[in-house]
Amino acid sequence: MADVITRARILVADDEVSIRIGCQKILGEDGHEVVVAADGLAAIEAFKAGGIDLVMLDLAMPGLDGLQVIPRLREIDPDAVVVMITGYASFETAVQAIQAGAYDYMPKPFTPSELRIVVQRALEKRALLVERQTLQKERARSLLDLAREQSRTRTIIYAMGEPLLVINAAQELVFVNPAARRFLQEGVTGPGRPMAEALAVPGLLEACADAFPKLTGETKTISTEVFDPREQKTWMLTVTCLESQAGETGPAGWVLVLADITPMKDLEKAKTRFVSIVAHELKAPVGAIEGYLDLILSDLEPAVEKYRPKIERCRDRAGLLQRLIRELLDLSRIEQGRIERNLETIDPVPTVQETCEFLAEEAGKRKVSLMVVPPAEPVRLLADRGELTQVFTNLVSNAIKYNREGGSVTVTNERSGAHWKVAVADTGIGIAADHLRHIGEEFFRVKTAATVQISGTGLGMAIVKRILDLNHARLEIASQEGVGSTFTLFWPLAS
Ligand code: ADP
């Protein structure tokens, strides 16, 4: 609702002085300011001065009459509200006044209350017009702001070095910035085509096909690596889901942003190559040292028997170094994709049992009980036995190593939907919550009073993670310090 104008400026133009004075008095009493004019020209001049909310205009004035004045007022303000005062009430004069653009008309003579009613109605009309004007101005201003904002955003997106593409719910390309044109098929110059036809990098399409269905509910963004064989470049693709409007189902589309990570990948490869060369060079001499120390210990002269503890310590250290070298080589082989995989459809349970049997002696030494609970129904996986053995050797030996005397390790496994779910639970020292997310980082080891005497390399879990990635398996760790940890694997079942 428009505000009512309570203190208006009203122009009364009439050649009859009694009308001018009468209007001035009555409307003045109501709080309005009244400006008077005795003829048409004076009325136009007074109106030009501005600030007039309402014009009461006599139809018959000497010189310019009311009908001639209205168009001149309209030229000055198209929203001018005019009430025509007519000498006598007739249908014709009413029609004439309205046709000339008056809002209302009022026949003379009129009573104060008739005047008040007409003025009130005309001021309401004026208030509506003023409000409309304000809204129009605001709308024009916000449209301008919006246009400016859009053009600024567009400039930023166009200037971005990172390629950016927008896909709609029908999987059509709807926006591509200049940096992203390198991913388009030859001849495709812009948006408007199905993405399957428009995109030139198959890896990008596959990554989208994989990411789109996963972007529901809580997951709004997925990042994945994409290799472009044409340019020999590796890109980090980040897919963000565009929410649909309220009431609509499914996403409105997806935004793809790519970052060139080729230099980082090259650096990573160089690092892996370097580590692999160094480890190879160290393998033989450290092996020889360990071997000779074993030999010396097996046939130690009584005269130097007192050195046995020190030599044993050297041999153990050399053994740990050997393990570090072995694990570094394993890791670099996986990273370089240089591992031979023998994927077969197998029952994994015997492999887990064999691994546990192999580790039973170690568990016995540490007075830890070890148990494998077979699954209720048979399980089949497409897996490499060597990889399975490596994963469970690491998990179970950690569960023994980071346990306490009299503790236990229990391996349970079952089918869980499309996965084989295996849990390795221990009653050991546990892992603090803020360390959990670092498990699996290369060389990460928890350093506390409880772990200081336990030797390790910090590479076992990094290898486990790499092998799980190769197998599209996932690991969840639940742990409580001083109570124990459970490492749960979800390995996809053979389809
Ligand atoms: P490490 O050779 O040191 O055992 P891993 O990569 O196998 O290296 O494990 C990394 C770190 O994770 C360990 O040093 C240890 O602090 C922690 N950890 C792994 N498994 C367990 C476990 N079952 N209980 C407690 N801590 C564990």
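By convention here, each chain's residues receive numbers from 1 onward along its written sequence. It should be noted that, the model being predicted, local features are given only for residues of pLDDT at least 70 and side-chain atom pairs only at 80 or more, the latter also being counted only at that level, while totals for whole chains, interfaces and linings use all residues. Calculation of side-chain values draws on the structure's entire complement of heavy atoms; hydrogens and water are dropped beforehand.

Structural notes on the site of the ligand
Put simply, the rule reads: Nearness of a residue to a molecule or strand requires only that one of the residue's heavy atoms be within 4 Å of it. Pairs of N or O atoms are called polar contacts if they sit within 3.5 Å, as long as, within protein, a hydrogen donor faces a hydrogen acceptor (for residues adjacent in sequence, only side-chain-to-side-chain pairs). The method behind every accessible area is Shrake-Rupley, applied with a 1.4 Å probe, and residues are considered shielded solely by the protein chains displayed. Secondary structure is summarised from DSSP: a helix means a run of H or I of at least four residues, a strand means a run of E of at least two, and numbering begins at the N terminus for each. Polar here means any residue outside two lists: the nonpolar Ala, Val, Leu, Ile, Met, Phe, Trp, Tyr, Cys and Pro, and the charged Asp, Glu, Lys and Arg; Gly therefore counts as polar.
Lining the immediate surroundings of the ligand are 20 residues, of which Asn398, Tyr402, Arg445, Thr457 and Met461 lie closest. Asp426 is positioned such that a nitrogen or oxygen atom in its side chain is 2.9 Å from a nitrogen atom of the ligand. Here an oxygen atom of the ligand and a backbone polar atom of Gly460 are 3.2 Å apart. When the ligand sits alone it has 530 Å² of accessible area, and the protein chains cover 99% of it. Considering each element in turn, the shell around the ligand owes the most residues, 3 residues, to helix α11 (residues 385-401). Grouping the amino acids of the shell around the ligand by side-chain chemistry returns 9 nonpolar, 7 polar and 4 charged.

Focus on the nonpolar core
Where we set the bar: Think of a nonpolar core as a cluster: buried Ala, Val, Leu, Ile, Met, Phe, Trp, Tyr and Cys residues, connected wherever their side-chain atoms sit within 4.5 Å. The cut-offs for exposure are 20% and 50% of the maximum accessible area for each residue type, with area from a 1.4 Å probe on protein chains only; residues under the lower value are buried, those over the upper are exposed, and the others partly exposed. What marks off one domain from the next here is an automatic or database domain assignment. In what follows, residue pairs with any heavy atoms lying within 4.5 Å of each other are defined as contacts.
The biggest cluster of nonpolar side chains holds 43 residues, and the ones touching the most others in it are Val391, Phe392, Trp420, Val424, Leu489 and Trp491. If you count residues domain by domain, this core takes at least three from each of domain 3 (266-335) and domain 4 (344-492). Ignoring anything within four residues of it in the chain, the contact list for Phe392 reads Val352, Thr355, Leu359, Ser397, Trp420, Val422, Val424 and Leu489.

Brief notes about the packing of aromatic side chains
What counts, and what does not: Note on ring pairs: Phe, Tyr and Trp rings are taken, using the six-membered ring of Trp, and paired if centres are within 6.5 Å. Classes follow the plane angle, with under 30 degrees stacked, over 60 edge-to-face and the rest tilted. Working rule: Lys NZ or Arg CZ, within 6 Å of ring centre, within 35 degrees of ring normal, means a charge sits over the ring.
Considering all chains together, one arrives at 4 aromatic pairs under this definition. Ring geometry for Phe212 and Trp254: centres 3.8 Å apart, planes at 5 degrees, overall stacked. Here Phe212, found in helix α7 (residues 202-214), pairs with Trp254, found in strand β10 (residues 253-260); they are 42 residues apart in sequence, far enough to count as distant. In this structure Phe212 comes out as buried when scored by relative accessible area, which is 6%. Classification of Trp254 by relative accessible area gives buried; the value is 6%. Aromatic pair Phe392 and Trp420: ring centres 5.9 Å apart, planes at 55 degrees, arrangement tilted. Note that Phe392 is positioned in helix α11 and Trp420 in strand β15 (residues 419-426), a separation of 28 residues in sequence. Like Phe392, the residue Trp420 is buried in the burial classification. One residue, Arg474, lies across the ring of Phe490, its end atom 4.2 Å from the ring centre.

Description of helix α8 (residues 262-298)
We apply this condition: How far a helix is expected to stretch is found by multiplying one less than its residue total by 1.5 Å. The seven residues ending at a residue and the seven starting there each receive a fitted axis; the angle between those axes is the bend at that residue.
Given a rise of 1.5 Å per residue, 37 residues ought to cover 54 Å, and the 53 Å separating the end C-alpha atoms of α8 matches this to within 8%. Its axis deflected by about 30 degrees at Lys283, α8 carries its strongest bend there, up to four residues before the proline Pro285. If you check which residues of α8 are buried, you get Thr262, Lys265, Thr272, Ser276, Ala279, Val286, Leu293 and Leu297. Where the residues of α8 are buried, they touch β8 (221-228), β9 (233-242), β10 and α9 (308-335).

Concerning the side chain of His32
With respect to the helices and strands, His32 occurs in the loop between α1 (17-29) and β2 (33-37). The class for His32 is buried, based on a relative accessible area of 13%. Polar side-chain contacts of His32 include one of 3.0 Å to the backbone nitrogen of Ala8. Ignoring any residue separated from it by four or fewer positions in sequence, one finds His32 in contact with Ile5, Thr6, Arg7, Ala8, Ile10, Leu27 and Leu123.

Let's talk about the packing of helix α10 (residues 349-365) against α11
Filter applied, for reference: Note on geometry: axes are C-alpha line fits, over the in-contact stretch for helices, and angles between N-to-C directions span 0 to 180 degrees. Less than a right angle of anticlockwise turn of the near helix away from the far helix marks a crossing as left-handed, whereas a clockwise turn marks it as right-handed.
For the pair α10 and α11, the least separation of the axes is 9 Å and the interaxial angle reads 35 degrees. Crossing angle aside, the handedness with which α10 passes α11 is right-handed. Residues Thr351, Val352, Thr355, Cys356, Leu359, Glu362 and Ala363 of α10 form the contact with α11, whose participating residues are Arg385, Leu388, Thr389, Phe392, Thr393, Val396, Ser397 and Ile400. Considered class by class, the residues forming the contact of α10 with α11 number 8 nonpolar, 5 polar and 2 charged.

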